[in-house]
Amino acid sequence: MYSRILLAYDGSIEGRRALREGALLARRCGARVFLLCVVVEGGGVQVAEAAQPGVIHELRQQSQAVFDEGVARLRQMGLDPTAKIISGDPSVEIRKFAQEVSVDLVVVGHRRKSLLERWWSGSSGAYLLDQIGCSLLVGRNTISDEILAAELALPPARRALADAL
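First, a word on what this report is: a plain description of the structure on this page. What you are looking at is a predicted structure, and each value in this text was computed from that prediction instead of being measured. (Residues numbered from 1 in each chain as written. Predicted model: local features only at pLDDT ≥ 70, side-chain atom pairs only at ≥ 80, totals over all residues. Heavy atoms only, no water.)

## Side note on the sheet that holds strand β3 (residues 82-87)
1) Next: Read across the sheet, five strands follow the order β3-β2-β1-β4-β5 without closing on themselves; strand pairing throughout is parallel. Either end of the sheet is taken by a strand with one partner, and the two such strands are β3 and β5 (135-138). Averaged over all neighbouring strand pairs, the angle between strand axes comes to 20 degrees, with direction disregarded.
2) Next: Both strand β2 (residues 32-39) and β3 contribute to a ladder of six bridges, which runs parallel. Looking across to β3, one finds that L35 is bridged to A83.
3) Next: On the sheet, helix α3 (residues 55-76) packs against β1 (4-8), β2 and β3 and is oriented at approximately 165 degrees with respect to β2.
4) Next: Packed onto the sheet, helix α4 (residues 90-100) meets β1, β2, β3 and β4 (105-108) and runs at close to 150 degrees relative to β2. (Pairing = 2+ DSSP bridges. Helix = DSSP H or I, 4+ residues; strand = E, 2+ residues; numbered from the N terminus. Axes fitted to C-alpha atoms, helices over the stretch in contact; angles between N-to-C directions. Contact = heavy atoms within 4.5 Å.)

## Focus: α4
1) Next: Within α4, the full set of buried residues consists of S91, E93, I94, R95, F97 and A98.
2) Next: A side-chain oxygen of the first residue of α4 lies 3.2 Å from the backbone nitrogen of S91; this N-cap is D89.
3) Next: Within two residues after α4, S102 carries a phi angle of roughly 55 degrees, on the positive side. (Buried < 20%, exposed > 50% of the residue type's maximum accessible area, 1.4 Å probe, protein only. Polar contact = N/O pair within 3.5 Å; in protein donor to acceptor, adjacent residues only side chain to side chain.)

Written out as structure tokens, the structure reads:
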């Protein structure tokens, strides 16, 4: 069904949920996995850096730790992701990377925003829907550790059989 899946990961609870859901889907499909972590360095970060030098360096270090965590989680699930960390607007960078590596599915998390936050930042989900040329999965299912362990314990042929039942 899917052969190339992009997992957009930011380390949030919603991002971890989407990473787990997307990774299990990739395992079931035997898909190649791409992991993208986008560091947001907007105007507010630039102002903070001017007020207190070192803010951008700290943000990059935190983002690198999130990125490394995502790669490690995928490897624990038996996947070998092609991974990239970049700076920019998440929606724009996800679209560009999805096109660059020709994925057929993008998996993202969803964080609820207040009306004011949505007005201020716009709707990144709508942008992705309108701009990417492939399917978009908003991973919202909570997959327990027990279900994850059971899924990872099944060999590929048994997974296909379990799905058929």
